[in-house]
Amino acid sequence: MKKLLIKTLKAEGVLSHFYDMKQTTVLFLTMMAFFTVSCSSELHRNGTMSENFIVSQNQLFLTYENKGSRYILAVKLDPLGVKWEKKIASLSDNAVFRLYGDHIVCNCRKDEICFLSKETGNKTFSFQSSLVLEKGYKGLTVSESKVFSICEENEICAYDIDKEEKLWSYELDDENGDIVFDFMVADETLFFGTENRIYALSTENGDMLWKSEVLPGLKTYYPIGDTILVNYDVIDGLDIVSGESKWLEPYKGDRVRCVMDGLLVAESETHFNTLFVGNGVEIMNYKRAVSYTHLTLPTKRIV
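Computed from a predicted structure; not experimentally measured. (Residues numbered from 1 in each chain as written. Predicted model: local features only at pLDDT ≥ 70, side-chain atom pairs only at ≥ 80, totals over all residues. Heavy atoms only, no water.)

1. A word on the overall build of the protein
(1) Moving on: When helices and strands are tallied, the protein shows two helices and 23 strands.
(2) Moving on: By residue count, 45% of the 303 residues in the protein fall in the buried class.
(3) Moving on: Taking all contacts inside the protein whose residues are at least 6 apart in sequence as the whole, residues at least 24 apart take part in 32%.
(4) Moving on: Total accessible area on the protein is roughly 16800 Å²; 50% of this is exposed by carbon and sulfur atoms. (Helix = DSSP H or I, 4+ residues; strand = E, 2+ residues; numbered from the N terminus. Buried < 20%, exposed > 50% of the residue type's maximum accessible area, 1.4 Å probe, protein only. Contact = heavy atoms within 4.5 Å. Areas by Shrake-Rupley, 256 points an atom, 1.4 Å probe, with all protein chains shown as cover.)

Put into structure tokens, the structure is as follows:
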């Protein structure tokens, strides 16, 4: 039990949520109560807890499975007690749920995504979708009371959560390819990425604003201000409005290490470079002390 608890905590990085010893202790007791074999315990469940859980505002949300059925359990941490419990779809062994504002988002049924009230567990909104929310899923985000999601197998749809209505849909075709990077919203634009392109849709009506040139080896992209920072075979900055390159020349590096205050630190095999995000101009560079690409670790233990 102890090993399972520690493994679960580490898996979700939940330790980063702890701000004081009281919260840490209460959460630990909650988890122990969940697994404790006690017929009189309000928190005890005869089931298997998944690694997906969230701590938010003195509440713990977790999922568990019992006899083939999956449930979301909401627990108040102080005072300790069950707040609500909801049966949801069991579509994958790696199923997850997400917290967006006041809503829990999950697959409540097959081909249906539901928004549940964080306070009561009641369904506030739902829509038909073939998307299965599981580890590593791509194709759903929420921004300013709107949800953008894969709906049918070849469509992206936008819904108004408060009005419970569909706003628009965009049909994907063979040219788009599979979506391999998650949705992002910035500057009233929805971005999604395939294996080697980035696409930009208007959040207002779903019209395509632009698609990038082919970006071989596309790894990541980040909307930052009026720039889309793109990491593919090189690192480049695209104009958020047109999708065209803004940089004087791409940076021939392996990856972006960090971004802060309009600057980025990029890494190549031999150097670290600090560049302006907006135009790619180099401010400084320094040689790496060790080339980790060619680092050989000792095969024998050093005492």
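2. So, the side chain of Ser92
(1) Moving on: Within the secondary structure, Ser92 is located in the loop between β4 (80-88) and β5 (98-100).
(2) Moving on: Here Ser92 falls in the buried class, since its relative accessible area comes to 13%.
(3) Moving on: A polar side-chain atom of Ser92 sits 3.0 Å from the main-chain amide nitrogen of Asn94.
(4) Moving on: A polar contact is formed between the side chain of Ser92 and the side chain of Glu134, at a distance of 2.7 Å.
(5) Moving on: Discounting chain neighbours no more than four positions away, the residues touching Ser92 are Arg70, Val132 and Glu134. (Polar contact = N/O pair within 3.5 Å; in protein donor to acceptor, adjacent residues only side chain to side chain.)

3. Side note on the sheet that holds strand β11 (residues 155-160)
(1) Moving on: Strand order in this open sheet of four strands is β9-β10-β11-β12, and the pairing throughout is antiparallel. A strand with exactly one partner marks an edge of an open sheet, and here the two such strands are β9 (140-143) and β12 (165-171). Neighbour-to-neighbour, the strand axes of the sheet open up by a mean angle of 15°, direction not taken into account. (Pairing = 2+ DSSP bridges. Axes fitted to C-alpha atoms, helices over the stretch in contact; angles between N-to-C directions.)

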